[in-house]
Amino acid sequence: MSSHPPIVGSPTEAPLADTVWATLWPDESATQAFASALADALQSWPGGRDACIELRGNLGAGKTTLVRHLLRAAGVQGRIKSPTYAVVEPHQAGHGDAAWPIWHFDFYRFYDPQEWEDAGFRDIFAGPGLKLMEWPDKVAGQLPPPDWVIALDAIDEDQRQVRITADTARGQHWLTAWAAAHPGAAHAL
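Only a predicted model underlies this, so the values are computations on that prediction, with no experimental measurement involved.

1. Regarding the overall build of the chain
Inference 1: A count of helical and extended segments in the chain gives five helices and eight strands.
Inference 2: Every one of the 189 residues in the chain was classed for burial, and the buried ones make up 43%.
Inference 3: Residue pairs at least 24 apart in sequence account for 66% of intrachain contacts in the chain once pairs closer than 6 positions are excluded.
Inference 4: Of the roughly 9,700 Å² of accessible surface on the chain, 53% is carried by carbon and sulfur atoms.

Structure follows, in structure tokens:
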């Protein structure tokens, strides 16, 4: 049992509308185009640079590929490594006053949610920066509610079915704006 206070409290606002935005990426160039548009949006949406985004999907679904394209589009320079063994890779996007931190987590190798607490990730999540999380189910109950959940399903070698849902009020606001600006299927459940 942790002696730390939770980093998020119980929601006090009305439940969110269950809007889903879905599309099919026919190839990696579609993934790259999505990542570029998302990087631009996150930098313009209020609070977007501090978003928490969960990436869900089986091995090989394209989660890390999406993150690499997103980081490049956000302005991350240099080598972009997968955090599979390191668990977290910190990045800096932009320069000078436009710089912002991005944290890429991969919890695949966690076997107990308590490992999250033991690793000291509470401070990262309480601080500024975009948090991108692969395999969030491995640390169930430790993470704050994600603004977005991006679920990827590999149809074949190239195609990916994509579904985005929002778990916060600001994430819902962003999803509504996203659906209005981008082709795809958006609907309420």
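2. Digging into the packing of helix α1 (residues 28-44) against helix α2 (residues 63-74)
Inference 1: Between α1 and α2, the shortest axis-to-axis distance is 8 Å and the interhelical angle comes to 50°. Relative to α2, the element α1 lies oblique. For α1 against α2, the interelement crossing comes out right-handed. Touching Glu28, Thr31, Gln32, Phe34, Ala35, Ser36, Leu38, Ala39, Leu42 and Gln43 of α1 are Thr65, Leu66, His69, Leu70, Ala73 and Ala74, all from α2.
Inference 2: Broken down by class, the residue content of the contact of α1 with α2 amounts to nine nonpolar, six polar and one charged.

The rules behind the values
Residues numbered from 1 in each chain as written. Predicted model: local features only at pLDDT ≥ 70, side-chain atom pairs only at ≥ 80, totals over all residues. Heavy atoms only, no water. Helix = DSSP H or I, 4+ residues; strand = E, 2+ residues; numbered from the N terminus. Buried < 20%, exposed > 50% of the residue type's maximum accessible area, 1.4 Å probe, protein only. Contact = heavy atoms within 4.5 Å. Areas by Shrake-Rupley, 256 points an atom, 1.4 Å probe, with all protein chains shown as cover. Axes fitted to C-alpha atoms, helices over the stretch in contact; angles between N-to-C directions. Parallel < 35°, antiparallel > 145°, perpendicular 65-115°, else oblique. Left-handed = near helix turned anticlockwise from the far one by under 90°. Nonpolar A, V, L, I, M, F, W, Y, C, P; charged D, E, K, R; others polar.

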